[in-house]
Amino acid sequence: MVKAHLRELERRRLAQSPSDMLHKLKLSLKSLTFAPEASEDVLPLDLGELLAYFVKQSVPLFDQLGIKRDVCDKLVESLCSKRKDHPAYSFLSATESSSLKNDNVGNELDLRIASALQSTGHHYEGGFWSDGHKSDISGKRHVAIVTTASLPWMTGTAVNPLFRAAYLAKSCKQDVTLVVPWLCKSDQELVYPNSMTFSSPEEQEKYMRNWLEERVGFKTDFKISFYPGKFQKERRSIIPAGDTSQFIPSKEADIAILEEPEHLNWYHHGKRWTDKFNHVIGVVHTNYLEYIKREKNGAIQAFFVKHINNLVARAYCHKILRLSGATQDLPKSTICNVHGVNPKFLEVGERIAAERESGQQSFSKGAYFLGKMVWAKGYRELIDLFAKHNSDLEGFKLDIYGNGEDSHEVQSAARKLNLNLNFHKGRDHADDSLHGYKVFINPSISDVLCTATAEALAMGKFVVCADHPSNDFFRSFPNCLTYKTSEDFVARVKEAMARDPQPLTPEQRYNLSWDAATQRFMEHSELDKVLNGDSNSECGGSVGTETGKSAGTMMRRSASAPNMSDVVDGGLAFVHYCFTGSELLRLSTGAVPGTRDYNKQHSLDLRLPPPQVQNPVYGW
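This one's a predicted model, so the numbers in the text were calculated from it and none came from an experiment. (Residues numbered from 1 in each chain as written. Predicted model: local features only at pLDDT ≥ 70, side-chain atom pairs only at ≥ 80, totals over all residues. Heavy atoms only, no water.)

Engineer: Go over the confidence of the model for the chain with me, naming the residues and quoting the values.
Structural biologist: In this model, the chain carries a mean pLDDT of 81, and residues with pLDDT of at least 70 account for 81%. The spread of mean pLDDT over the elements of the chain runs between helix H6 (residues 94-99), the lowest at 40, and strand E1 (residues 142-146), the highest at 95. Here residues 90-103 is modelled with pLDDT under 50, and outside its nearest four sequence neighbours on either side it reaches 15 contacts, counting other chains as well. Every residue in residues 537-558 scores below 50 in pLDDT, and together they form 50 contacts with partners more than four places removed in sequence or on other chains. (pLDDT = per-residue confidence, 0-100. Helix = DSSP H or I, 4+ residues; strand = E, 2+ residues; numbered from the N terminus. Contact = heavy atoms within 4.5 Å.)

See below:
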């Protein structure tokens with residue numbers, strides 16, 4: 001066949017002039033490509049541009065190696081400087097050029113690469129590590145909220161995700177599933193207050209729904225699912241046992257909200273979240289680095305945890321929300337308070353405001369502090385402040401409510417220094433006995449966003465707190481009094497005790513509510529765009545790209561240019577998967593023994609296949 005075609009070509013060559021034959025050959029070759037007519041004007045990429053693009057897309061890897069982004073940006077600019085004024089950069093239309101005139105070299109390089117690839121007819125199909133099999137999004141969308149704790153443990157990661165699930169499901173625009181850890185009875189006795197235990201997941205689910213509906217005032221319509229977990233005594237936290245992602249059915253694996261993504265993924269050995277789900281959002285609750293620095297060899301531990309947190313955030317999430325600037329600066333992250341206040345506290349505030357309008361005395365007590373009694377929750381700062389200014393605060397007494405592992409040490413230190421601190425057993429912040437206090441004092445600087453501070457403001461009280469990033473959200477409230485020095489602390493306390501707090505305006509009450517928090521969450525996580533089918537907000541390479549570009553430019557870039565950061569993220573996820581597959585390596589980094597897979601008791605409680613069936617000995 002080849003010989004026959006060659007003979008036919010030779011016959012036509014002899015019958016036609018050379019110029020006619022060459023022109024027809026060019027037309028024939030052009031018909032085999034997908035390049036537009038204008039592609040003849042796009043010059044090929046040179047070595048400097050390819051190296052610059054490689055450096056720019058490898059920033060995630062350089063982050064893990066500790067190389068600053070400024071160094072990478074300067075290197076990219078240096079490699080592109082020789083081509084900056086070259087005609088190759090004139091491929092943009094007049095409209096696009098005007099919209100990008102203020103952008104940096106990196107943005108122009110992205111479009112230069114995309115244009116060169118399009119001129120060859122190349123179309124990028126997907127990530128190097130991704131299997132591409134994800135949930136069908138043609139029907140009603142599904143949202144899975146995965147968290148690290150559950151009621152009756154009254155901790156932030158148990159309470160706030162529960163409210164988030166209720167208010168996301170309230171709109172009925174999407175199906176919502178809350179995925180919480182199930183603890184065996186021996187662990188329940190260690191974690192849950194008053195030795196409360198549950199014999200089945202259904203029993204615990206009933207307790208959670210009753211508690212929630214009593215506070216929100218409406219019937220909740222979302223599903224609650226359980227995954228196996230084990231309690232770690234040393235760090236007072238629950239570690240997932242096995243692959244948490246497998247407890248969300250594949251047909252519902254659409255959108256995932258990971259509450260504390262670092263915690264959930266430190267030892268995650270299973271399906272990569274971004275491979276299974278179309279859109280993955282992480283919500284950072286805890287300032288882990290602050291807590292770790294207070295431990296023995298804390299600086300060294302914090303160094304490694306910081307890089308591990310970077311790795312898991314980059315490898316397993318499309319978007320990260322940080323409640324305040326007090327948390328670690330993670331990749332793909334935005335700062336926004338997406339937590340609201342239990343509606344019961346807003347009702348208390350409205351009642352107190354009505355009593356004050358009618359001339360009644362609303363606040364019959366002075367100041368108090370409420371929090372778990374461990375040193376890291378602000379007790380160290382509180383005792384230091386009172387010890388330094390004991391004479392300045394003469395006659396001022398502070399009531400403290402809390403239980404915890406450091407109760408004996410905290411109370412002994414206060415008695416030894418003869419401080420005016422009255423200690424009481426811990427109680428719910430909504431307890432009627434606490435409504436009469438006028439001032440809430442919170443000196444903690446380890447919190448990310450203190451729920452008790454928000455609750456006190458909702459009840460119309462003064463709040464005296466540190467000038468710290470964790471309190472940035474509260475600064476706009478007139479009843480929030482911040483201090484920078486210990487002398488400022490004394491002045492703010494005396495100011496709060498000398499006058500009455502201002503009633504909250506309707507706008508301020510709304511800003512504290514879960515309705516407002518849910519709206520902020522939808523906007524800053526880009527979940528509203530995802531649910532509305534905005535392609536620029538989907539995970540296929542568009543999330544996290546630069547703003548200010550036209551939709552056509554964004555789509556052209558993602559469709560034509562492979563994203564090296566996706567490849568790096570996939571590689572990091574693979575390395576993490578291999579690392580967490582080794583029990584020796586897991587134990588050496590502080591994991592709970594036997595948490596790579598769930599145990600026999602978990603399989604009985606949750607009616608799962610036995611561990612040997614789920615993970616045969618010959619499997620990796």
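Engineer: Can you tell me about the sheet that holds strand E11 (residues 421-424), naming the residues and giving the values?
Structural biologist: Sheet architecture is open: six strands sit in the order E11-E10-E9-E12-E13-E14, paired in parallel fashion. The open sheet has two free edges, formed respectively by E11 and strand E14 (480-483), since each of these has just one partner strand. Strand-to-strand twist of the sheet, defined as the mean angle between neighbouring strand axes without regard to direction, takes the value 25°. (Pairing = 2+ DSSP bridges. Axes fitted to C-alpha atoms, helices over the stretch in contact; angles between N-to-C directions.)

Engineer: Which residues make up the pattern of salt bridges, and what values do they have?
Structural biologist: All told, the structure shown has 22 salt bridges when counted by the stated rule. When the shortest N-O distance is used, the salt bridge between Lys140 and Asp175 registers 3.4 Å. Of this pair, Lys140 sits in the loop between helix H7 (105-119) and E1 while Asp175 sits in strand E2 (residues 175-182), and the two are 35 residues apart along the sequence. Arg509 is paired through a salt bridge with Glu350; the nearest N and O atoms lie 3.7 Å apart. Of this pair, Arg509 sits in helix H20 (residues 506-512) while Glu350 sits in helix H15 (residues 343-357), and the two are 159 residues apart along the sequence. Taking relative accessible area as the criterion, Arg509 reaches 23% and is therefore assigned partly exposed. Via salt bridges that share partners, Asp467, Asp472, Arg475 and Lys484 belong to a single interconnected network. (Salt bridge = Lys/Arg side-chain N within 4 Å of Asp/Glu carboxyl O. Buried < 20%, exposed > 50% of the residue type's maximum accessible area, 1.4 Å probe, protein only.)

Engineer: Let's hear about the sheet that holds strand E7 (residues 319-322): which residues, and what values?
Structural biologist: An order of E4-E3-E2-E1-E5-E6-E7-E8 is seen for the eight strands of this open sheet, with the pairing classed as mixed. Looking along the sheet, the strands with just one partner apiece sit at the ends: strand E4 (237-240) and strand E8 (333-335). Direction aside, neighbouring strands of the sheet carry axes that sit 30° apart on average. The sheet contact formed by E1 and strand E5 (residues 255-259) spans four bridges and is parallel. Each residue of the ladder has a partner; that of Val143, found in E5, is Ile255.

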